[in-house]
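Residue-level structural notes
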Amino acid sequence: MKRSAKKTRKKPRSPDEIAAEVRAQLAPAISGIGVIAKNSEFLNRIERLAATLALWGPKINLTAHPSDPDEIVFHVFDSIIPVSIAVSSKILRLSARIDRERRFLDIGSGAGFPGLVIAAAINAQVTLVEARRKRATFLSEAAVEMGLRNVRVQCVRAESLDVSDGFDLVTARAVGNPAGIFEIAGRALHPGGVLMLYASAEQKFDDDGAAAAAAGLVNPSVAGYDLRHGRQMVSRAVATWSRR
């Protein structure tokens, strides 16, 4: 008589185990990015972000696979590589300022990509705007866990955001219709400041020139890059405009 084979269930990884794997994947690659102030500090912060995301993600649907290290690593790289591209192209300048502190604004911050990743990498005051209360609560908790003192979370709709000239960078990821972002960025950025939209390689901005110009945004530029997402390579793009 044959015995039936018992199926063994793989024990789920703990948030700390997931975070440690994220760190291990990031560590060999981040030195080439070029905009991270302190690599070891960045890795510590992202490790805590990954642990917090693994803990909170399944409860409030932050990302598709919050317990998958490959997924988190993809989002981290996709958050910081566009900044590196903009800096290397001299679209965005991160040289030390003596008159005031740099100020960044991230619209629709969600799970913290790119806002928390940028705040972990760069010495700047970063304002995260998230209309959904549970996600805003997550962002605040993650910032504390990451030891970030340069993050402010605002739980408001982006359209009602009270901003004035003074931001150096405005970011937004996964934007369907950028017209509303143009209007906000036009109010938020100081002259010379940069709007940065994260997009898929297929998204086109050819028809947005009039809306951008009406908001005082000029010098459009789009750069593509490829990232590994699990076993696949994914084509991504970053679009930038400067405030006139």
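Check the entry above for the structure.
A brief structural summary. (Residues numbered from 1 in each chain as written. Predicted model: local features only at pLDDT ≥ 70, side-chain atom pairs only at ≥ 80, totals over all residues. Heavy atoms only, no water.)

Some details on the overall build of the chain
Under the convention used in this document: Numbered from the N terminus, helices here are DSSP runs of H or I no shorter than four residues, and strands are runs of E no shorter than two. Using C-alpha atoms as the atom set, the radius of gyration is obtained and then compared with a globule rule of 2.2 Å times the number of residues to the power 0.38. When accessible area is computed with a 1.4 Å probe and restricted to protein chains, residues below 20% of their type maximum are described as buried, those above 50% as exposed, and intermediate ones as partly exposed.
A tally of regular secondary structure across the chain gives seven helices and seven strands. The N-to-C order of helical and strand elements in the chain reads α-α-α-β-α-β-α-β-β-α-β-α-β-β. Expected size for 244 residues packed as a compact globule is a radius of gyration near 18 Å; at 19 Å, the chain falls within 12% of this value. Here the chain, with 244 residues, has 50% of them falling under the buried criterion.

Things to note about the sheet that holds strand S6 (residues 217-229)
Whenever strands of a sheet pair, they do so through backbone hydrogen bonds, lying parallel or antiparallel. To keep things clear, this is the line we draw: By definition, two strands form a pair when at least two bridges between them are found by DSSP. Between the N-to-C directions of two axes lies an angle of 0 to 180 degrees, each axis being a line fitted to C-alpha atoms and, for a helix, fitted only over the stretch in contact.
Read from one edge to the other, the open sheet built from seven strands follows the order S3-S2-S1-S4-S5-S7-S6, with strand pairing classed as mixed. Every interior strand has two partners, whereas the edge strands, strand S3 (151-154) and S6, have only one. Averaged over all adjacent pairs, the angle separating strand axes in this sheet is 20°, with direction ignored. Of the strand pairs in this sheet, strand S1 (residues 103-107) and strand S2 (residues 125-129) are connected by five bridges, and their pairing is parallel. Each bridged residue has a counterpart across the sheet, and for Arg103 the counterpart in S2 is Gln125.

A few points about the pattern of salt bridges
Here is the rule: Just to be clear on terms, a salt bridge is a Lys or Arg side-chain nitrogen sitting within 4 Å of an Asp or Glu carboxyl oxygen.
Across all of its chains, the model carries nine salt bridges by this definition. For Glu47, the salt bridge is made with Arg23, and the minimal N-O distance between the two is 2.9 Å. Here Arg23 lies in helix H1 (residues 15-26) and Glu47 lies in helix H2 (residues 39-60), a separation of 24 residues in the sequence. The exposure class of Arg23 is partly exposed, given its relative accessible area of 25%. The shortest N-O distance in the salt bridge between Glu183 and Arg187 comes to 2.8 Å. A residue pair is termed a helical-turn pair when its members lie 3 or 4 positions apart in one helix, as Glu183 and Arg187 do in helix H6 (residues 179-188) at four residues.

Topic: the nonpolar core
The condition that has to hold: Among buried residues, those of type Ala, Val, Leu, Ile, Met, Phe, Trp, Tyr and Cys that are joined through side-chain atoms within 4.5 Å constitute a nonpolar core.
In terms of nonpolar packing, the biggest core is built from 57 residues, with Leu26, Phe42, Ile46, Leu49, Val83 and Leu116 touching the most fellow members. Residue assignment for this core shows that the elements contributing at least two residues are H1, H2, helix H3 (69-88), helix H4 (115-121), S2, helix H5 (133-145), strand S5 (189-200) and S6. Take this core: its biggest share by element is 10 residues, from H3. The next biggest cluster of nonpolar side chains, apart from the first, holds 25 residues, and it includes Val170, Ala172, Phe182 and Ala188.

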